[in-house]
Amino acid sequence: MSKEILEFMNVLKKVTGLSLTDEKTYLLESRLSGLMSDHKIASFYEFSKKFENSHEVDFREKVIERITTHETKFFRDESIFETILDRIIPEIIDRKNELYKGWKNHPIRIWSAACSTGQEPYSVAIAIRERLPHVFKNIKILATDIAKETIEKARSGCYTSFEIGRGLEEYHLGRYFDKLPDGTFRINDEIRSVVEFKQHNLISSEFPTGFDLVLCRNVSYYFDSNERRNLFDKIAKTLNQDSFLIIGSAESVSDFSSKFLLREFGLCRYYEVNSSNVTLFSRGT
Ligand SMILES: C[S@@+](CC[C@H](N)C(=O)[O-])C[C@H]1O[C@@H](n2cnc3c(N)ncnc32)[C@H](O)[C@@H]1O
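Quantities reported herein were computed from a predicted structural model and do not represent experimental measurements.

Rules used in this analysis
Residues numbered from 1 in each chain as written. Predicted model: local features only at pLDDT ≥ 70, side-chain atom pairs only at ≥ 80, totals over all residues. Heavy atoms only, no water. Helix = DSSP H or I, 4+ residues; strand = E, 2+ residues; numbered from the N terminus. Rg over C-alpha atoms; globule rule 2.2 N^0.38 Å. Buried < 20%, exposed > 50% of the residue type's maximum accessible area, 1.4 Å probe, protein only. Contact = heavy atoms within 4.5 Å. Areas by Shrake-Rupley, 256 points an atom, 1.4 Å probe, with all protein chains shown as cover. Lys, Arg positive; Asp, Glu negative; His and termini not counted. Charge placed at Lys NZ, Arg CZ, Asp CG, Glu CD. Pairing = 2+ DSSP bridges. Axes fitted to C-alpha atoms, helices over the stretch in contact; angles between N-to-C directions. Parallel < 35°, antiparallel > 145°, perpendicular 65-115°, else oblique. Near = heavy atom within 4 Å. Polar contact = N/O pair within 3.5 Å; in protein donor to acceptor, adjacent residues only side chain to side chain. Nonpolar A, V, L, I, M, F, W, Y, C, P; charged D, E, K, R; others polar. Core = buried A, V, L, I, M, F, W, Y, C linked by side-chain atoms within 4.5 Å. Salt bridge = Lys/Arg side-chain N within 4 Å of Asp/Glu carboxyl O.

A. Representation of the overall build of the chain. Along its length, the chain carries 12 helices and 10 strands. Over its C-alpha trace the chain gives a radius of gyration of 20 Å, about what one expects of a compact globule, namely 19 Å for 285 residues. Dimensions along the principal axes, computed over C-alpha positions, put the chain at roughly 65 × 50 × 30 Å. Residue burial in the chain is summarised as follows: out of 285 residues, 51% are buried. Within the chain, contacts between residues separated by at least 24 positions form 72% of all contacts whose residues are at least 6 apart in sequence. Taken as a whole, the chain presents about 13900 Å² of accessible surface, with 48% of it coming from carbon and sulfur. Looking at charge distribution, the chain has the averaged site of its 41 positive side-chain charges lying 3 Å from that of its 43 negative ones.

B. Quick peek at the sheet that holds strand 5 (residues 185–187). The sheet built from three strands is open, its strands ordered 3-5-4 with antiparallel pairing. The sheet is open, and its two borders are formed by strand 3 (158–159) and strand 4 (177–179), each paired with just one other strand.

C. Quick peek at the sheet that holds strand 8 (residues 239–247). A sheet is described by the order of its strands in space; here seven strands give the open sequence 6-2-1-7-8-10-9, paired in mixed fashion. Of all the strands in the sheet, just strand 6 (195–199) and strand 9 (260–265) have a single pairing partner and so form its edges. Adjacent strand axes in the sheet meet at a mean angle of 25° when their direction is disregarded. For strand 8 and strand 10 (residues 268–273), the ladder comprises three bridges, and the chain directions are antiparallel. Looking across to strand 10, one finds that Ser243 is bridged to Val273.

D. Highlighting the packing of helix 1 (residues 3–16) against helix 3 (residues 44–52). Close contact between helix 1 and helix 3 brings their axes to 9 Å; oriented N to C, the two are set at 10°. Considered as vectors, helix 1 and helix 3 are oriented roughly parallel to each other. Facing helix 1, whose interface residues are Glu4, Ile5, Glu7, Phe8, Val11, Leu12, Lys14, Val15 and Thr16, helix 3 presents Phe44, Tyr45, Phe47, Ser48, Phe51 and Glu52.

E. Molecular detail of the pairing of strand 9. Relative to strand 10, strand 9 runs antiparallel, the two being bridged by six bridges. Note on strand 10: the bridge partner recorded for Arg263 is Tyr270. Between the antiparallel neighbours strand 9 and strand 10 lie two residues, among them Gly266 with a positive phi of about 60°.

F. Looking closely at the site of the ligand. Around the ligand sit 20 residues, and of these Thr72, Arg76, Asp145, Leu202 and Asn218 come closest. Between the ligand and the protein, one listed contact pairs a nitrogen atom with a side-chain N or O atom of Glu120 at 3.2 Å. Asp145 places a side-chain nitrogen or oxygen 2.6 Å from an oxygen atom of the ligand. Taken by itself the ligand offers 610 Å² of open surface, and the protein chains cover 99% of this.

G. Molecular detail of the packing of helix 3 against helix 4 (residues 57–67). Following both chains from N to C, one finds helix 3 and helix 4 inclined at 120°, their axes separated by 8 Å at the closest point. Residues Phe47, Lys50, Phe51 and Glu52 of helix 3 form the contact with helix 4, whose participating residues are Phe59, Arg60 and Val63. Taken together, the residues that form the contact of helix 3 with helix 4 break down as four nonpolar, no polar and three charged.

H. Expanded view of the nonpolar core. Core analysis: the largest hydrophobic core is formed by 46 residues, its most contacted members being Ile108, Ile128, Val135, Phe177 and Leu213. In terms of residue count, the dominant contributor to this core is helix 5 (residues 78–100) (eight residues). For Ile108, the contacting residues outside a window of four places in its chain are Ile89, Ile92, Ile93, Lys96, Trp103, Val135, Asn138, Ile139, Lys140 and Asp212. Residues Met9, Leu202, Ala236 and Val253 belong to the second largest nonpolar core, which totals 44 residues.

I. Just the pattern of salt bridges, in detail. On inspection of all chains with the given rule, the structure shows 22 salt bridges. With a closest N to O distance of 3.8 Å, Lys49 and Glu52 form a salt bridge. Here Lys49 pairs with Glu52, and both are found in helix 3, just three residues apart, close to one helical turn. Given the relative accessible area of 44%, Lys49 is considered partly exposed. A salt bridge links Glu152 to Lys148, with the shortest nitrogen-to-oxygen separation between them at 4.0 Å. You can see Glu152 and its partner Lys148 sitting in helix 8 (residues 148–156), four residues apart, about one turn around the helix. On the accessibility criterion, Lys148 (33% relative accessible area) is partly exposed. Overlapping salt bridges, with partners in common, bring together Arg87, Glu91, Arg263 and Glu272 in one network.

Functional significance is not addressed by these values, which are geometric in nature.
This is the structure in structure tokens:
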């Protein structure tokens with residue numbers, strides 16, 4: 001790896017907290033070459049200087065947009081959604097009933113962290129609206145991502161037919177999306193009304209609190225071990241006691257944090273934060 005690229009990676013880490021694993025650095029030149037020619041930048045040395053300059057906010061946003069991977073789809077890893085509907089939401093309601101003697105005045109708060117272009121939070125909202133309509137009125141979903149254009153696209157709720165074709169059933173399309181004159185599809189207002197989008201960096205931003213369920217899928221493997229430890233520690237604090245975390249199927253919490261209990265439902269694995277060491281729920285695992 002060239003000295004200039006190494007230096008840019010140090011600057012990137014210093015400014016955003018993002019670190020690129022060695023396997024990902026080969027992507028740098030291809031992903032950033034367009035931006036370098038747009039801005040008439042001849043070397044990575046010059047590129048680093050511009051990125052480090054705190055006045056270059058737009059430039060930084062564009063770099064972050066390009067070096068992050070936004071792969072996602074509707075209802076990604078379907079078994080997760082069955083688990084949310086059949087296991088996690090009922091347990092959250094049991095817990096709220098136990099704590100407050102009635103859950104209806106206490107919204108179920110869900111955070112879709114690193115949500116990319118929004119398919120994940122919208123899929124959660126659609127699944128709940130479809131199968132648990134009485135619960136839908138009581139959910140609030142926060143959806144965040146580090147990348148600005150990506151979160152703006154998520155907020156717009158507009159998708160091409162190619163994006164729709166990745167994971168969304170015809171039935172859900174007809175019921176929860178409006179077709180626009182240009183042939184794209186927009187999520188309807190009912191589903192939109194329960195999702196709030198914000199830009200948020202999982203490494204350096206302050207974490208919101210008070211969640212019953214956090215989905216943080218397919219992002220931790222971009223972080224080094226230290227960042228993963230910090231990430232799971234911060235997620236544990238962001239969750240209410242006896243609440244839940246879902247990560248991607250290729251990710252692991254246990255190697256980085258002892259604060260979570262591994263739970264299983266069918267083929268799906270998820271985690272419970274149980275700092276009191278008291279398990280309120282007795283159904284199965
Ligand atoms: C592969 S996508 C995963 C999207 C979705 N969670 C899923 O599983 O389908 C990873 C997302 O993580 C975001 N990301 C990367 N680093 C981040 C950070 N430090 N803070 C917040 N989001 C980050 C990227 O911008 C990207 O949209």
